[in-house]
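# Per-entry structural report
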Amino acid sequence: MTEPVTTETVLEARGVTKHFPVRRTGRDLATRTRRTVHAVDDVSLELRRGTVTALVGESGSGKSTVARLLAQLHPLTSGEIRLHGAPAEAGRGRAFRAYVKQVQLILQDPFASLNPVHTVRYHLTRSLKIHGRGATEENLHALLERVQLTPPESYADKFPHELSGGQRQRVAIARALGADPQVLLADEPVSMLDVSIRLGVLNLLKDLKERLRLAVLYITHDIASARYFADTTLVMYAGRIVEGGDSETVTQRPAHPYTQLLIASAPDPDRVADPGAADEADGGEPPSLISPPPGCRFHPRCPRAMERCRTELPPRFDLAAGQWAACWLYAEEGTGPR
Ligand code: SF4
């Protein structure tokens, strides 16, 4: 009998918010002002077993901060992270190690994340040891084979500088797998790699999701790759998630004007949505997160902004087939442009 495919939620963020205090200047001290960076506001998402969730946005949108909060590298300002349905407050020490054994973070720059004076063998056996798995030759070879660095003997004793960028990222992924995790948080895992090898690394992550039934968060600024790689896509703007749904729908029929702008700036010959409306959008710049605009944070750039957008924060409006958008255009069914 074949095992039923399950997509239970492994890791969940509920209303997660992170504000960083800004270092006070002389003027702040004189005026007794305390400023904060509203890096992430009220973010909720679920990472499900055997699926990839893409979190897409421009640089500075807060998407990498979300990955770090889910990795418990920063305390939350408010909200909650739940692992297997239970509140997860990793703290430090043993509780933190138990958490990272299940939730592993892969960083953008594989060269910076590997120690240049140590070999591949050192990095991988250390991971196996830390996470209580046998640091044996057999386990080392199995990790290298799992990331398609074969034959493993050819890679085990190499130093990071002897590997290509793609191979280094594969070693970083193998090190994460050394923990035997259930969640991979991949923060722009291919953005520093040559275009020609990005697809290979994305295919590897896709293979791991399917074979190991991992829950993967894929952080990217490239919405076109989300369509290819992710089951679900969430779009983040200025610290808030503004649209979500299955990747095909969000990338082919974007509902939020910001998603339409992102799609319009990422040419895709297969696109079926009319990009005309998005072409009207002012490219502009994301706002300062120290004093984000009131109301909808996208309103200064939005070609469809209405009066209420300048003062009232739009809630999430559910659309067809699980898609949703936080945009006043959808406040009354049938009044949106779709
Ligand atoms: Fe544009 Fe208003 Fe929708 Fe924001 S809420 S995206 S400003 S139409």
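Whatever comes next refers back to the structure up there.
Below: a short report on this structure.

Rules used throughout
Residues numbered from 1 in each chain as written. Predicted model: local features only at pLDDT ≥ 70, side-chain atom pairs only at ≥ 80, totals over all residues. Heavy atoms only, no water. Helix = DSSP H or I, 4+ residues; strand = E, 2+ residues; numbered from the N terminus. Rg over C-alpha atoms; globule rule 2.2 N^0.38 Å. Contact = heavy atoms within 4.5 Å. Areas by Shrake-Rupley, 256 points an atom, 1.4 Å probe, with all protein chains shown as cover. Near = heavy atom within 4 Å. 1 Å grid on protein atoms, 1.4 Å probe; cavity = no way out; pocket = protein on both sides within 12 Å on 5 of 7 lines; lining within 4 Å. Sits in = over half its atoms within 2 Å of the grid points. Phe/Tyr/Trp six-rings, centres within 6.5 Å; stacked < 30°, edge-to-face > 60°. Buried < 20%, exposed > 50% of the residue type's maximum accessible area, 1.4 Å probe, protein only. Lys NZ or Arg CZ within 6 Å of the ring centre and 35° of its normal. Pairing = 2+ DSSP bridges. Axes fitted to C-alpha atoms, helices over the stretch in contact; angles between N-to-C directions. Points joined across faces, edges and corners; volume = space filled by probe spheres on them. Nonpolar A, V, L, I, M, F, W, Y, C, P; charged D, E, K, R; others polar. Core = buried A, V, L, I, M, F, W, Y, C linked by side-chain atoms within 4.5 Å. Expected span 1.5 Å × (residues − 1).

### Considering the overall build of the protein
What the protein contains, in helices and strands, is twelve helices and twelve strands. Scaling as 2.2 N^0.38, a compact globule of 338 residues should have a C-alpha radius of gyration of about 20 Å, and the protein matches this with 21 Å. Overall, the protein is about 65 × 55 × 40 Å in size when its C-alpha atoms are taken along their principal axes. Intrachain contacts of the protein at a sequence separation of at least 6 include 63% that bridge at least 24 residues. Carbon together with sulfur atoms contributes 50% to the accessible area of the protein, which is approximately 16,200 Å² in total.

### What to know about the site of the ligand
Neighbouring the ligand are 13 residues; C296, C302, C309, C327 and W328 lie closest to it. Assessed atom by atom at 2 Å from the grid points, the ligand resides in the largest cavity.

### Some remarks on the packing of aromatic side chains
As enumerated under the stated definition, the model contains five aromatic pairs in all. Aromatic side chains Y237 and F298 sit 5.1 Å apart centroid to centroid with 85° between the ring planes, which places their arrangement in the edge-to-face category. Residue Y237 is located in strand 9 (residues 232–237), and its partner F298 is located in the loop between helix 12 (276–279) and strand 11 (317–318); the two are separated by 61 residues in the primary sequence. On the basis of relative accessibility, which here comes to 2%, the residue Y237 falls in the buried class. On the basis of relative accessibility, which here comes to 1%, the residue F298 falls in the buried class. The ring of Y155 is capped by K158, whose NZ or CZ atom sits 5.6 Å from the centre of that ring. When the ring centre of W328 is taken as origin, the NZ or CZ atom of R308, which lies over that ring, is 3.7 Å away.

### Structural notes on the sheet that holds strand 7 (residues 183–187)
Strand order in this open sheet of eight strands is 6-7-8-3-9-10-12-11, and the pairing throughout is mixed. If you trace the sheet from one side to the other, it starts and ends with strand 6 (103–106) and strand 11, each paired once. Bridge analysis of strand 9 against strand 10 (residues 240–246) gives six bridges, and the strand direction is antiparallel. Paired with L234 across the bridge in strand 10 is G244. Packed on one face of the sheet, helix 7 (residues 165–177) meets strand 6 and strand 7 and runs near 165° to strand 6.

### Re the pairing of strand 9
Burial of strand 9 is extensive: six of the six residues sit out of reach of the surface. Where strand 3 (residues 52–56) and strand 9 come together, four bridges link them in parallel fashion. The residue bridging L55 from the neighbouring strand is L234, located in strand 9.

### Let's talk about the layout of surface pockets
Of the volumes computed, that of the largest pocket is approximately 590 Å³. What lines the largest pocket is a set of 23 residues, and nearest its centre among them are V100, Q104, L105, H131 and R175. At the level of elements, helix 3 (93–102), strand 6, helix 5 (120–130) and helix 7 are the ones that each hand at least two residues to the lining of the largest pocket. For the lining of the largest pocket, the element with the most residues is helix 5, which contributes five residues. Class assignment of the residues belonging to the lining of the largest pocket gives a composition of 13 nonpolar, seven polar and three charged. In this structure, the second largest pocket is lined by 27 residues; those nearest its centre are S44, I241, V242, R316 and W324. At the level of elements, strand 2 (36–48), strand 9 and strand 10 are the ones that each hand at least two residues to the lining of the second largest pocket. Considering every element that reaches the lining of the second largest pocket, the biggest residue donor is strand 2, with seven residues. For the lining of the second largest pocket, the class distribution of residues is 13 nonpolar, seven polar and seven charged.

### Some remarks on the sheet that holds strand 2
Pairing is antiparallel in the open sheet, where four strands are placed in the order 2-1-4-5. A strand with exactly one partner marks an edge of an open sheet, and here the two such strands are strand 2 and strand 5 (86–87).

### Brief notes about the nonpolar core
Grouped together as the largest cluster of nonpolar side chains are 58 residues, with contacts concentrated most on L124, L144, I173 and Y258. What Y258 contacts, discounting residues up to four positions off in sequence, is G57, E58, V235, M236, Y237, V242, F298 and R301. L55, A71, I81 and A215 belong to the second-largest nonpolar core, a separate cluster that totals 30 residues.

### Here's the deal with helix 8 (residues 195–212)
Here helix 8 spans 26 Å end to end across 18 residues, near enough to the 26 Å set by a 1.5 Å rise per residue. Buried within helix 8 we find V201, L202, L204, L205, D207, L208 and K209. Just downstream of helix 8, R213 is the residue with a positive phi angle, here 55°.

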